[in-house]
Amino acid sequence: GYHRDLHSFPTRRSSDLLAYVPILILAVCGIWLSRRKWRYTVLLILAIATQCMTYTIFITRVRYRSHIEALLIIFAAFAIDRIMRKVSELKRIKL
């Protein structure tokens, strides 16, 4: 029906990817950058990993990703913070 066609429309999938891929890339960077603080982040990372493994194997729908998006955004924000700090430091050094 109409509802199914709306969600399978190519622009809908493109907009989902445009929103999700940057968050995913930044989240992976954030996880990597927070590796020294693994004792604080291990439960978050396990929640993400468990969710990803389970749904990647069995169900590949966007709606099942929503459970971990908040956790991904936390790590993405951490990566953005670290990047902004580095840029700020580099600007101070050049001045």
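To start, this report covers the structure provided alongside it.

What counts and how
Residues numbered from 1 in each chain as written. Predicted model: local features only at pLDDT ≥ 70, side-chain atom pairs only at ≥ 80, totals over all residues. Heavy atoms only, no water. Helix = DSSP H or I, 4+ residues; strand = E, 2+ residues; numbered from the N terminus. Expected span 1.5 Å × (residues − 1). Buried < 20%, exposed > 50% of the residue type's maximum accessible area, 1.4 Å probe, protein only. Contact = heavy atoms within 4.5 Å. Core = buried A, V, L, I, M, F, W, Y, C linked by side-chain atoms within 4.5 Å. Patch = residues over 30% accessible without salt bridge, like charges linked within 9 Å, V, L, I, M, F, W, Y side chains within 5 Å. Areas by Shrake-Rupley, 256 points an atom, 1.4 Å probe, with all protein chains shown as cover. Salt bridge = Lys/Arg side-chain N within 4 Å of Asp/Glu carboxyl O. Lys, Arg positive; Asp, Glu negative; His and termini not counted. Charge placed at Lys NZ, Arg CZ, Asp CG, Glu CD.

Over its 29 residues, helix α4 (residues 66–94) extends 42 Å from the first C-alpha to the last, a length consistent with the 42 Å expected when each residue adds 1.5 Å. All buried positions along α4 are accounted for by Ile-68, Leu-71, Leu-72, Phe-75, Ala-76 and Ala-79.

As a further point, take the side chain of Ser-34. Residue placement: Ser-34 occurs in the loop between α2 (10–33) and α3 (38–58). Among residues more than four places away in sequence, those in contact with Ser-34 are Thr-41, Phe-75 and Phe-78.

Now for the nonpolar core. Of all hydrophobic cores here, the largest spans 7 residues; its members are Tyr-20, Ala-27, Ile-48, Ile-68, Leu-71, Leu-72 and Phe-75. It is α4 that provides the largest number of residues to this core, a total of 4 residues. Look past the residues within four positions of Leu-72 in its chain and what remains in contact with it is Tyr-20, Ile-23, Ala-27 and Ile-48.

Inspection of the secondary structure assignment puts Thr-41 in helix α3. Judged by its relative accessible area of 11%, Thr-41 falls in the buried class. Apart from residues lying up to four places away in sequence, Thr-41 is in contact with Ser-34 and Phe-75.

Right, let's talk about a nonpolar patch on the surface for a bit. Together, Trp-38, Val-42, Leu-43 and Leu-46 line one region of the surface with nonpolar side chains, adding up to about 420 Å² of accessible area. Looking at the element boundaries, Leu-43 is found in helix α3.

A cluster of like positive charges, contributed by Arg-35, Arg-36, Lys-37 and Arg-82, occupies part of the molecular surface. By the secondary structure assignment, Arg-35 is in the loop between α2 and α3. Residue classification places Arg-35 among the partly exposed residues on the basis of a relative accessible area of 37%.

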